[in-house]
Amino acid sequence: MSTFYPFARPLYVMAKAAGPLCNLRCQYCYYLEKQHLVNSKKSPSSGGGMERGLLEAYVRDYIQLQQTPEILFTWHGGEPMLRPLSFYKQAVSYQRYYGRGKRISNSIQTNGTLLTPEWCQFLHDEGWLVGLSIDGTREMHDAYRMDAKGEGTWQRVMDSIRMLQDYGVEWNAMATVNHANVSQPLEFYRFFRDELHCQFLQLSPVVERIRRHSDGRHLAQLFDEDCPLAPFSVKPAEWGKFLCDIFDEWVRHDVGEMFVNVFDAALAGWMGAPPGICVYAEECGHAVVMEHNGDVYSCDHFVFPQYKLGNILTDGLPQMVYGEKQTAFSQLKKESLPRQCRECEWLKACHGECPRLRFMHTADGEPGLNYLCAGYRIFFQHVAPYMDFMRNELLAGRPASNVMQGL
């Protein structure tokens, strides 16, 4: 029998309360088609989402296994607000019962189109953090983020943001960088800063490939071959220039006032600290995904049969999260780096980025190079002097925002 050492690293689960179900049809979405890969049979009571018995078992087991001062529950999708508000009120009730006074927090990632005043009152009263998906201006957002009727959703999302602000709900923005907005970095950034007054901005580059043979999905996974790049994807040089242009604006005006995940992670890499984002970490696999039926997978981007770890009702969270299969998945990110990456001066800040994008070959013909590598090299080379300065300021006990002086 294998011996497990739970708590060797924090246990983190992204719960898919509604599974891959969503009310939008974003063209670049990699998760909607997971309905063909996971058990999405609808029951009369659940409407296809997580049932109450599973919810209670998850909350109970997740709390019992945590050894951190604060226990964080993350609700994701698909669109998690397709589950009724009563479902999340029940989740909070279970958290209080099984938490027995422990500090518990919740975050929910949403497309923002289903928010109501009742939802906002609940989110405010319970102190939930809302991650809201919006891709920039109306033109940028509506290019790909459409509803089932093919209509743009920007105005509905903007109305939801105002509602969150009116109710005092803490929120941050998650924006994909894609073909529709990558060529307008300053207009994109200033929209979030000046119009939305967004303090926390998460950037996620869209890179997908199209499968030539369909079996219920059209987007490729890592080991699919002969798959052309999807037209909504960003190219490496575009990604690098996009980051550089936004960084130049941020480093002159907004350090310490606005937080951009890619910049924060880069500075952490310069400091030798954990980046806070799995894609830039030395190893991955610290966060697993639990589908609405209790099935647990290695990662949000690897919800495929070969990466299934088991089911929470039969296999147990510690055995899945700390077991040999997930440990091997975690370590493979570091162990599979090609020589070009291992010898790269920017390894400290990149670590090969996300394994799902390592479908390129190095100049020596070695597989495993990240598709966005050239873009990251442009970015890291550009920001190196500023990162060096901020690192030295922080080590001296001074704020990183001193970098803005004299710029």
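Everything below is about the structure printed above this text.
What you are looking at is a predicted structure, and each value in this text was computed from that prediction instead of being measured. (Residues numbered from 1 in each chain as written. Predicted model: local features only at pLDDT ≥ 70, side-chain atom pairs only at ≥ 80, totals over all residues. Heavy atoms only, no water.)

**A short note on the overall build of the chain**
In terms of regular secondary structure, the chain is built from 13 helices and twelve strands. Radius of gyration (C-alpha) of the chain: 21 Å, near the 22 Å computed for a compact globule of 407 residues. Taken along the three principal axes of its C-alpha coordinates, the chain extends 60 × 55 × 50 Å. Every one of the 407 residues in the chain was classed for burial, and the buried ones make up 56%. Once local pairs closer than 6 in sequence are excluded, the contacts in the chain between residues at least 24 apart make up 70%. Put simply, the chain shows about 18100 Å² of open surface, and 52% of that area lies on carbon and sulfur atoms. A gap of 3 Å separates the mean positions of the 40 positive and 47 negative side-chain charges of the chain. (Helix = DSSP H or I, 4+ residues; strand = E, 2+ residues; numbered from the N terminus. Rg over C-alpha atoms; globule rule 2.2 N^0.38 Å. Buried < 20%, exposed > 50% of the residue type's maximum accessible area, 1.4 Å probe, protein only. Contact = heavy atoms within 4.5 Å. Areas by Shrake-Rupley, 256 points an atom, 1.4 Å probe, with all protein chains shown as cover. Lys, Arg positive; Asp, Glu negative; His and termini not counted. Charge placed at Lys NZ, Arg CZ, Asp CG, Glu CD.)

**Details of the state of the cysteines**
In the structure shown here, the tally under the stated rule is zero disulfides. With no disulfide of its own, C22 has C26 as its nearest cysteine by sulfur position, at a separation of 6.2 Å. Free of any disulfide, C244 has its nearest cysteine sulfur in C373, 14 Å distant. Residue class for C244 comes out buried when judged on its relative accessible area of 8%. (Disulfide = S-S within 2.5 Å.)

**Describing the sheet that holds strand β5 (residues 171-177)**
The pairing of strands in a sheet happens through backbone hydrogen bonds and is either parallel or antiparallel. Here we have ten strands laid out as an open sheet, ordered β7-β6-β5-β4-β3-β2-β1-β8-β9-β10, and mixed in their pairing. At either end of the open sheet lies a strand with only one pairing partner, and these are β7 (259-260) and β10 (308-311). Bridge analysis of β5 against strand β6 (residues 200-205) gives five bridges, and the strand direction is parallel. Residue pairing across strands places A173 opposite L201, the latter belonging to β6. Relative to the sheet, helix α5 (residues 154-166) contacts β4 (129-133) and β5, its axis offset from that of β4 by approximately 160 degrees. (Pairing = 2+ DSSP bridges. Axes fitted to C-alpha atoms, helices over the stretch in contact; angles between N-to-C directions.)

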